[in-house]
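Given next are the chains, with one letter for each unit.
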Amino acid sequence: MRNGQYFFLRSNSWLMKYGKLSRLTIFVSGLILSCPSFQSHQAQSQEKPAQTGRSYGTGDPARRPPAPSPQAPSPITFTDSTASAGITFRHLASPTSQKYLVEAMGGGVALLDYDNDGRLDIFFTNGARLEDPMPKNGAPNKDDAGYWNRLYRQKADGTFEDVTAKAGVRGEGYSMGVAVGDFDNDGWVDMFVTGYGAGHLYRNKGNGTFEETAGKVGILVTGWATSAAFLDYDRDGRLDLFVARYLEWDFERGATYCGERREGYRAYCHPDNFKGASNLLFHQRADGSFEDATQRAGIAAAIGKGLGVSIADFDDDGWPDIYVANDSVMQFLFQNLKNGTFEETALLAGAAYDENGKTFAGMGVDAADYDNDGKIDLMITALSNETYPLFRGHGDLSFTHVTTSAGVGQHTLLYSGWGARLLDLDNDGLRDIFVAQGHVLDTIEKSFSYLKYRQAPLFLRQTPQHKFVNVSASAGEPFNIPLAARGAASGDLDNDGDPDLVINALNGPPVVFKNNGTKNHWIGLSLRGKKSNRLALGARVSIVDDRGGRTIFDVTTSSSYLSANDPRIIAGLGAVGAVSSLQIQWPSGVTQRLSKLPVDRYHNVEEP
């Protein structure tokens, strides 16, 4: 029997079993397949070069473009201070004609005070040299200084100096993301850097240098690691480590041809062409070493395509939960069961799919109380033609889709988002949305004329009615520069009480957004744990102003995409010039209450 007949009859025997086809239909179909002219046509079809993989750009280019997003005036502006600050880093992706997917996905950025001088420093992850094509068993090469990760130390005058070589953090391999936390509770923040093929733990020695200790402490990461987060999931006072992984991928599989078979139309492959991977969880023992707890904690069973990670207490039980943004498969929400294990509950929680019940290309993610109801909400970035899902949390591990009703859908349909933050950029007491944007495909404009590869960053300001309006165009120069942006982090670089922003852009220079501020009041908190972990990651802060307005914050450095943020809290108060009460629920279980704290300044608070 010929192969065509065998495949057809096997398929139809399955259909007949369920009553879909008659025996006569199968008999006639078999005769057609046996016909020499049909077999000749089939052979000719097989001789034509076929697409061997699906690309992100597959679709109907004739689709009518949606209307542009309406604009509103911005109450604040930002200045591009990259050059004046002395930042000369340039991300190098090492693009090849093979269109290896790893080329399109980096890199990350972290804002951290590594030398404890009270000023935030900046760390960027970078790519590595790729051969075109990569030889079998070949590895990305970071020897050239242009491919090094970079650490910039902030000086007293607000400019930065490159201290990468001195600090010992140039990195190895093709780097992707970065997580920040004080894993050994010595008062000096450490970093974990992810990448393709490995992960590296940099212990801060407290003298301006770092020591790579991943192997020494038992952290072994294989595969393609993306975002990572430090958290104390068992509340023992020692930080653990969660690592998201993307795909079962290597350079041999990654050489699959995707896109049209025309010169200049080869495209990066869609993740559907590759199998997913499990995320990793490392538990820290009392002696400072780590053990792989992925299996026993219930993380291994969930196979996804992880890109973004956010840590928050979604069910208000005092224990940190984990949300993972997955690319084009269902999203994950790992509920902390308070016994060292997790249960994946995104589907039951209503946060696994978009508001149409479809999968989407989840990339960046942030979790925060955007509507000031005391419950943690979620925002995830996705690809053009998908919108950015916004989920309103109810505090009981259930969510409602509000992407359209909150106005986010109309502003995001044309865009592709990566790094993202839900934070109060103008200190009016309402969290806004910031997104670093740019399509994954550098060929997208050939397939969809109304979509752009390089896209300007997005600033959606929240109104008192909890709707979002697009104020990007009037928010200053950096919001009008098209980028192939990827990682994004937030923090108060100049300690003036309003959040600044940093973007790491693919295969180009970064952008530092200096927030020029408003006259609104604010209060800042820097927490220090004693029984809890030193950075107080996982603490819940509740603030009530003199008019009765209440907002909550979960202390974390995670969220966004491949990036780590300033752990300090900035609470915008608007025109209200006083705080009535402030409560801190420390990870140890201790509750601390403070009142009548002066505003428009930072307060250092130590666990009692």
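Small disclaimer: the values here were computed from a predicted structure and weren't measured.

Another point: the overall build of the protein. The helix and strand tally for the protein stands at eight helices and 37 strands. Here the C-alpha atoms of the protein give a radius of gyration of 25 Å, agreeing with the 25 Å that 2.2 N^0.38 yields for 608 residues. In terms of overall dimensions, the protein has a C-alpha envelope of 90 × 50 × 50 Å along the principal axes. For the protein, the proportion of its 608 residues judged to be buried stands at 58%. In the protein, of all internal contacts separated by at least 6 residues, the share reaching a separation of at least 24 is 62%. Accessible surface for the protein amounts to roughly 23600 Å². Of this, 50% is attributable to carbon and sulfur atoms. Charge centroids of the protein, computed over 59 positive and 71 negative side chains, lie 6 Å from each other.

With that settled, consider the sheet that holds strand β26 (residues 458-462). Overall, antiparallel pairing links the four strands, which are arranged β24-β25-β26-β27 in an open sheet. Of all the strands in the sheet, the pair left with one neighbour each is β24 (417-423) and β27 (468-470). Shown here is a sheet whose adjacent strand axes are inclined to one another by a mean of 20°, direction ignored. Pairing between β24 and strand β25 (residues 432-437): five bridges, direction antiparallel. Directly across from Arg 421, in β25, lies its bridge partner Phe 434.

So, on to the packing of aromatic side chains. The tally for this structure, following the rule as stated, stands at 27 aromatic pairs. Both rings, one in Phe 391 and one in Phe 399, keep their centres 6.5 Å apart while their planes meet at 80°; by these two values the pair is edge-to-face. Residue Phe 391 is classed as buried on the basis of its relative accessible area, which comes to 0%. Taken together, the aromatic side chains of Tyr 100, Tyr 196, Trp 224, Tyr 246, Trp 249 and Phe 251 make up a single cluster linked through ring pairs. Taking NZ or CZ as reference, Lys 446 lies 5.1 Å from the ring centre of Tyr 265, over its face.

Turning our eyes to something else, we now look at the pairing of strand β29 (residues 500-505). When you tally the buried positions in β29, you get six out of six residues, the bulk of the element. Burial along β29 is two-sided: Asp 500, Val 502 and Asn 504 and Leu 501, Ile 503 and Ala 505, pointing in opposite directions, are all buried. Two elements, strand β28 (residues 485-491) and β29, share five bridges in a ladder whose sense is antiparallel. Paired with Ala 485 across the two strands is Ala 505, which belongs to β29.

Let us now look at the sheet that holds β29. Two orientations exist for strands paired in a sheet by backbone hydrogen bonds: parallel and antiparallel. Spatially, β1-β30-β29-β28 is the arrangement adopted by the four strands of the open sheet, whose pairing is antiparallel. Two strands bound the open sheet, and with one partner strand each, they are β1 (78-80) and β28. Each neighbouring strand pair of the sheet contributes to a mean axis angle of 20°, computed without reference to strand direction. Inspection of the sheet shows β1 paired to strand β30 (residues 511-515) by three bridges, in the antiparallel sense. Directly across from Phe 78, in β30, lies its bridge partner Asn 515.

Before going further, it helps to spend a moment on the environment of Gln 592. The topology assignment puts Gln 592 in strand β36 (residues 591-595). Judged by its relative accessible area of 13%, Gln 592 is buried. For the pair Gln 592 and Glu 607, spaced 15 residues apart in the sequence, the C-alpha separation amounts to 7.8 Å. When neighbours within four sequence positions are excluded, Gln 592 is seen to be in contact with Leu 582, Gln 583, Ile 584, Trp 586, Val 605, Glu 606, Glu 607 and Pro 608. A polar side-chain atom of Gln 592 sits 2.9 Å from a polar atom in the side chain of Trp 586.

So, about the state of the cysteines. Applying the stated criterion across every chain yields a total of one disulfide. Disulfide pairing is shown between Cys 258 and Cys 269; the S-S distance is 2.0 Å. Negative torsions about the S-S bond denote left-handed disulfides, and the value of about 95° found for Cys 258 with Cys 269 makes this one right-handed. Taken together, the residues Cys 258 in the loop between β11 (240-245) and β12 (277-278) and Cys 269 in the loop between β11 and β12 connect sequence positions 11 residues apart.

Attention now goes to the nonpolar core. Ranked by size, the top nonpolar core spans 54 residues in total, and within it Phe 192, Ile 219, Leu 527 and Val 541 carry the most contacts. Once residues lying within four places of it in the same chain are set aside, the contact partners of Ile 219 are Phe 192, Leu 201, Ala 214, Leu 241, Phe 282 and Phe 290. Grouped together as the second largest cluster of nonpolar side chains are 39 residues, Met 134, Tyr 196, Leu 247 and Val 440 included.

What follows covers the environment of Thr 387. Here Thr 387 shows up in the loop between β21 (377-380) and β22 (390-393). The exposure class assigned to Thr 387 is buried, which follows from its relative accessible area of 15%. For the pair Thr 387 and Phe 360, spaced 27 residues apart in the sequence, the C-alpha separation amounts to 8.9 Å. In contact with Thr 387, not counting residues within four places along its chain, are Ala 382, Thr 403, Gly 409, Thr 412 and Leu 413.

What follows concerns the pattern of salt bridges. This model, assessed by the stated rule, comprises 28 salt bridges. Ionic pairing is found between Arg 54 and Asp 272, a salt bridge with its closest N-O pair at 2.4 Å. Linking Arg 54 in the loop between α3 (36-47) and β1 with Asp 272 in the loop between β11 and β12, this pair joins segments that are 218 residues apart in sequence. In this structure, the salt-bridge partner of Lys 216 is Glu 211, at a minimum N-O distance of 2.8 Å. Given the relative accessible area of 23%, Glu 211 is considered partly exposed. One salt-bridge network, held together by shared partners, links Asp 115, Asp 117, Arg 119, Arg 153 and Glu 161.

Turning our attention to the side chain of His 439. With respect to the helices and strands, the residue His 439 is situated in the loop between β25 and α8 (444-447). Note on His 439: relative accessible area 3%, which makes it buried. A polar contact of 3.0 Å, which involves the side chain of His 439, links it to the backbone nitrogen of Leu 441. Every residue in contact with His 439, bar those within four places of it in the chain, is listed here: Leu 383, Ser 384, Ser 416, Ile 444, Lys 452, Tyr 453, Gln 455 and Arg 486.

On average, residues of the protein score 91 in pLDDT, and 90% of them reach the 70 mark or higher. This stretch, residues 1-51, has a pLDDT under 50; its non-local contacts, to residues over four places away or in other chains, come to 26 contacts. Low pLDDT, under 50, characterises residues 58-62; the stretch is placed with four contacts to residues that sit more than four places away or in other chains.

Mapped onto the secondary structure, Ser 310 falls in strand β16 (residues 306-312). Here the side chain of Ser 310 touches Ala 367 through a polar contact of 3.4 Å, landing on its backbone nitrogen. The residues touching Ser 310, leaving out its near neighbours within four places in the chain, are Asp 321, Ile 322, Tyr 323, Val 365, Asp 366, Ala 367, Ser 558 and Ser 559.

Basis of the calculations
- Residues numbered from 1 in each chain as written.
- Predicted model: local features only at pLDDT ≥ 70, side-chain atom pairs only at ≥ 80, totals over all residues.
- Heavy atoms only, no water.
- Helix = DSSP H or I, 4+ residues; strand = E, 2+ residues; numbered from the N terminus.
- Rg over C-alpha atoms; globule rule 2.2 N^0.38 Å.
- Buried < 20%, exposed > 50% of the residue type's maximum accessible area, 1.4 Å probe, protein only.
- Contact = heavy atoms within 4.5 Å.
- Areas by Shrake-Rupley, 256 points an atom, 1.4 Å probe, with all protein chains shown as cover.
- Lys, Arg positive; Asp, Glu negative; His and termini not counted.
- Charge placed at Lys NZ, Arg CZ, Asp CG, Glu CD.
- Pairing = 2+ DSSP bridges.
- Axes fitted to C-alpha atoms, helices over the stretch in contact; angles between N-to-C directions.
- Phe/Tyr/Trp six-rings, centres within 6.5 Å; stacked < 30°, edge-to-face > 60°.
- Lys NZ or Arg CZ within 6 Å of the ring centre and 35° of its normal.
- Polar contact = N/O pair within 3.5 Å; in protein donor to acceptor, adjacent residues only side chain to side chain.
- Disulfide = S-S within 2.5 Å.
- Core = buried A, V, L, I, M, F, W, Y, C linked by side-chain atoms within 4.5 Å.
- Salt bridge = Lys/Arg side-chain N within 4 Å of Asp/Glu carboxyl O.
- pLDDT = per-residue confidence, 0-100.

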